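Chains, contacts and geometry: an overview
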Amino acid sequence: MEMVIKRIGIIGAGQMGSGIAQVCAAAGLDVLLNDRDPARLENGLSTIEGGFARLVSKGSMTESESAEARSRILPARDYTALNPADLVIEAATENEATKREIFSTLCASLRPETLVATNTSSISITRLAAATDRPEKFIGIHFMNPVPVMQLVELIRGIATEDTTYEAAKVFIAKLGKTSTMSEDFPAFIVNRILLPMINEAIYTLYEGVGSVESIDTAMKLGANHPMGPLQLADFIGLDTCLSVMQVLYEGLADSKYRPCPLLVKYVEAGWLGRKAKRGFYDYRGPTPIPTR
C-alpha cells in the first residue's frame, strides 16, 4: 500500500532541522519540530521566521502564504508529541552514538507504520537502522545546506529498506520541489565522498604552506569556477562536521588518502568551527571576514 506523507516530525532544530521544517511547511506539510534543548528549539523557530521573512521581502512568497506556512510548524517538546507524524527525520549532530540513542528511544513513541529517516551526511544507514524497531521503514534522506536553497536531496537505502519506503521518500522529496538522487550505502554517499576530500586537500594545501587561505579560495573560485572557495565552504559547513565526515571515510574505507588533515583537527580542538563559532579559516567577528592564516 502506498504511504502518503502529510505530517513530518523533525528531531533537531539547528541549521539543518530548521531548514527542513521551513521547506516542508512551505510545501503544505504539517511539521512537528523537536529539540532536547528548549533554547535551541526556540532559536530554530525564530530562524524559520527569519527565513520566511526573507522570502516575503524578495517577493518569492506573499505575507499571507508566509503566515499560513508558519502556522503549520508546531513545537514538539518530547518524542511522544511526534506520534502523529507519518515520517520522522532525525537532523541531530553528526555523531553516530547520539543518533543511535535517539532512534532507540524514539521508536516506542511512534505508530508502527511511521517511517523514520536520518539526515546524516556520512554514517551507515544500515547501522543506524539497526538501532530502530523498523529497519525496513528506515532510510537516509540527506538534505544539502542551506536546505531552502539547495535543490538536491540524496536518498540512501539501508540493506533492509523496503521499496515502499524508498518510493514514499521519493514522492515526499518531489512534493518539496527538490530533486532526489539515489546513493548506495557507502561511507559519505555521493556528494560528500567527492566534496569533503577536496576540502580536506585544500586544508592540506594550507597546512603545507602551498598557499594562504585567500590565495587558495581565490584560485578555486576563479580557476575552477566554484561559487565559493573550499576553505570558505568548510567554514560554512562547520569544521566539526567536515572532520566527522573525513573520519567516517578514513575509518570506513581504510585508505590513507582520506586521513583528516592535522590542521583541520587542530581547528576543531580549538573550537574554531567556522561561521557558527565566529572563527574558522576566517574570523567572522568583525564586519568583514578576515583570513586567520
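For the structure given in this document, a descriptive report is provided here. (Residues numbered from 1 in each chain as written. Predicted model: local features only at pLDDT ≥ 70, side-chain atom pairs only at ≥ 80, totals over all residues. Heavy atoms only, no water.)

1. Things to note about the side chain of Asp235
Heads up, the condition is: Starting at the N terminus, helices and strands are each numbered in turn, a helix being any DSSP run of H or I of at least four residues and a strand any DSSP run of E of at least two. Relative accessibility under 20% of the residue-type maximum defines a buried residue, over 50% an exposed one, and the middle range a partly exposed one, all with a 1.4 Å probe and only protein chains included. In this count, Lys and Arg are taken as positive residues and Asp and Glu as negative ones, while His and the chain termini are left out. One speaks of a salt bridge when a side-chain nitrogen belonging to Lys or Arg is within 4 Å of a carboxyl oxygen belonging to Asp or Glu. Any pair of nitrogen or oxygen atoms within 3.5 Å is treated as a polar contact; in protein, a donor-acceptor pairing is required on top of that, and neighbouring residues in sequence qualify only through side-chain atoms on both sides. Residue contacts are defined here by distance: any two heavy atoms, one from each residue, within 4.5 Å place the two residues in contact.
Here Asp235 is to be found in helix α9 (residues 230-237). Notably, Asp235 is buried but unbridged: the nearest opposite-charge side chain belongs to Arg275, and the N-O separation is 6.8 Å. Polar contacts involving the side chain of Asp235 include one to the main-chain amide nitrogen of Phe281, which spans 2.9 Å. Within polar-contact distance, the side chain of Asp235 engages the backbone nitrogen of Tyr282 at 3.0 Å. Aside from chain neighbours lying at most four places away, what touches Asp235 is Leu273, Gly274, Arg275, Gly280, Phe281, Tyr282 and Tyr284.

2. Here's the deal with the pattern of salt bridges
Per the counting criterion, the structure on display carries 14 salt bridges. With a shortest N-O distance of 3.1 Å, Asp35 and Arg40 are connected by a salt bridge. Asp35 gets classed as buried once you look at its relative accessible area, which sits at 6%. The shortest N-O distance in the salt bridge between Arg134 and Asp133 comes to 2.8 Å. It is possible to trace a salt-bridge network through shared partners that takes in Asp86, Arg111 and Glu113.

3. Considerations on helix α7 (residues 191-207)
To keep it simple, the criterion reads: Between the first and last residue of a helix there are one fewer steps than residues, each counted as 1.5 Å, and that sum is the expected span.
The end-to-end C-alpha separation of α7 is 24 Å, in line with the 24 Å expected for 17 residues at 1.5 Å each. Among all positions of α7, only Asn192, Leu196, Pro197, Ile199, Asn200, Ala202, Ile203, Tyr204 and Leu206 are buried. Residues of α7 that are buried sit in contact with β6 (138-143), α8 (213-223), α9, α10 (239-253) and α11 (262-270). Note on α7: the residue one or two positions beyond its end, Gly209, has a positive phi of about 80°.

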